[in-house]
Amino acid sequence: EVGISHKNEMEILSDILQPDEAVLTNIAPAHLENFDSLDSIGFEKFKLLDNAKDNIFFQEEFRSYNCKKDAFYVLSKTLKAGPHTINYATQRISCGWNISINDLKFPVPFPVGDGTIQTFTLAIAVALKNGVPPALLQERLLLWRPFQNRGIWKVVGRKHYFIDCYNANPASYRDSLQHFYNEKPKNAPACFILGSMEELGPKS
């Protein structure tokens, strides 16, 4: 993971890393206090992709940032043909999600939020392009567990606590709320305690 919080950080980091491949997971209002807009965050992130030696992966909605690489793959929810396109779909089911990539299907038995499932989809697409067998991918998917204090449940007495501790931004909050509502009993009363988002500058 390459994290940035200021302009021109990515140039330094990409020079250090010189990545073979790079994946853009999202462009969201994180560390907005040091950027003018979402676009400035997007252009900063694409510096890493432009410096990758080989393949880069990103979703179709970010294509407007004018990728400079010839070897790229765009993940598209609308069926399109082409050497650079990976077609995919995600479907919410009672116990988690179904991910379809081209003609392959991957059940994911975790009720995570939309943002997390997009990251799962990107990871699967990269693995497939690198020759990982689909059966092995599915086997490993079933072994996935969230990190400690990231989207886990703890029971104390008769109370159930959903714990998601993270240096938050609006995108991660949204994903966390979706995960919570996907997993909690439908008619159970709920109280949410939200921490602050200090990295948004005046918008915090």
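Keep in mind that what you see is a predicted model, and the values were worked out from it rather than measured. (Residues numbered from 1 in each chain as written. Predicted model: local features only at pLDDT ≥ 70, side-chain atom pairs only at ≥ 80, totals over all residues. Heavy atoms only, no water.)

Some details on the overall build of the protein
When its secondary structure is counted, the protein shows five helices and eight strands. Secondary structure of the protein in N-to-C order comes out as α-β-α-β-β-β-β-β-α-α-β-β-α. Here the C-alpha radius of gyration of the protein, 18 Å, is about what a compact globule of 204 residues would show, namely 17 Å. Each principal axis of the C-alpha distribution contributes one length, and for the protein these read about 55 × 45 × 30 Å. Buried residues in the protein amount to 38% of all 204 residues. Of all intrachain contacts in the protein linking residues separated by at least 6 positions in sequence, the fraction that spans at least 24 positions is 46%. Accessible surface for the protein amounts to roughly 12,500 Å². Of this, 54% is attributable to carbon and sulfur atoms. The positive charge centre, built from 22 side chains, and the negative charge centre, built from 23, are 9 Å apart in the protein. (Helix = DSSP H or I, 4+ residues; strand = E, 2+ residues; numbered from the N terminus. Rg over C-alpha atoms; globule rule 2.2 N^0.38 Å. Buried < 20%, exposed > 50% of the residue type's maximum accessible area, 1.4 Å probe, protein only. Contact = heavy atoms within 4.5 Å. Areas by Shrake-Rupley, 256 points an atom, 1.4 Å probe, with all protein chains shown as cover. Lys, Arg positive; Asp, Glu negative; His and termini not counted. Charge placed at Lys NZ, Arg CZ, Asp CG, Glu CD.)

A short note on helix H4 (residues 134-141)
Those residues of H4 lying buried are Leu137, Gln138 and Leu141. Burial along H4 is one-sided: seen end-on, the buried residues are contained in an arc of 95°. Across H4 from its buried face, at more than 90 degrees, point the exposed residues Ala135 and Arg140. The elements touched by buried residues of H4 are strand S6 (104-108) and helix H3 (114-129). (Arc of directions from axis to C-beta.)

A closer look at the environment of Asp50
Relative to the helices and strands, Asp50 is located in helix H2 (residues 38-50). For the pair formed by Asp50 and Val2, sequence separation is 48 residues and the distance between their alpha carbons is 14 Å. Leaving out residues up to four positions away in the same chain, Asp50 has contacts with Cys67, Lys68 and Lys69.

Notes on the nonpolar core
The biggest cluster of nonpolar side chains holds 22 residues, and the ones touching the most others in it are Leu24, Phe46, Leu49, Ile56, Phe58 and Phe62. Top element by residues in this core is H2. It accounts for four residues. What Leu49 contacts, discounting residues up to four positions off in sequence, is Ala22, Leu24, Ile56, Phe57, Phe58 and Lys69. Judged by nonpolar contacts, the second largest core, of 21 residues, contains Ile86, Ile99, Ile124 and Val126. (Core = buried A, V, L, I, M, F, W, Y, C linked by side-chain atoms within 4.5 Å.)

Overview of the packing of H3 against helix H5 (residues 170-183)
Here H3 crosses H5 at 100°, and the two axes come no closer than 7 Å. Looking at the two axes, H3 sits roughly perpendicular to H5. Across the interface between the two elements, Asp114, Gly115 and Thr116 of H3 pack against Arg174, Asp175 and Gln178 of H5. Here the contact of H3 with H5 is composed, by residue class, of no nonpolar, three polar and three charged. (Axes fitted to C-alpha atoms, helices over the stretch in contact; angles between N-to-C directions. Parallel < 35°, antiparallel > 145°, perpendicular 65-115°, else oblique. Nonpolar A, V, L, I, M, F, W, Y, C, P; charged D, E, K, R; others polar.)

So, a nonpolar patch on the surface
A contiguous nonpolar patch, built from Leu177, Tyr181, Phe192 and Leu194 and spanning about 370 Å² of accessible area, is present on the exposed surface. Secondary-structure assignment places Tyr181 in helix H5. (Patch = residues over 30% accessible without salt bridge, like charges linked within 9 Å, V, L, I, M, F, W, Y side chains within 5 Å. Salt bridge = Lys/Arg side-chain N within 4 Å of Asp/Glu carboxyl O.)

So, the pattern of salt bridges
Counted under the stated rule, the structure contains six salt bridges. A salt bridge links Arg174 to Asp114, with the nearest nitrogen and oxygen atoms 4.0 Å apart. Linking Arg174 in helix H5 with Asp114 in helix H3, this pair joins segments that are 60 residues apart in sequence. Beyond isolated ion pairs, a larger network of salt bridges with shared partners links Glu11, Glu44 and Lys47.

Brief notes about the pairing of S6
Bridge count for strand S5 (residues 96-101) against S6 is five bridges, and the pairing is antiparallel. Residue pairing across strands places Asn98 opposite Pro107, the latter belonging to S6. (Pairing = 2+ DSSP bridges.)

Section: the confidence of the model for the protein
Regions with low pLDDT carry predicted coordinates that are not meant to be interpreted in detail. Per-residue confidence for the protein gives a mean pLDDT of 86, with 100% of residues at or over 70. The secondary structure element of the protein with the lowest average pLDDT is strand S3 (residues 72-76), at 85, and the one with the highest is H4, at 94. (pLDDT = per-residue confidence, 0-100.)

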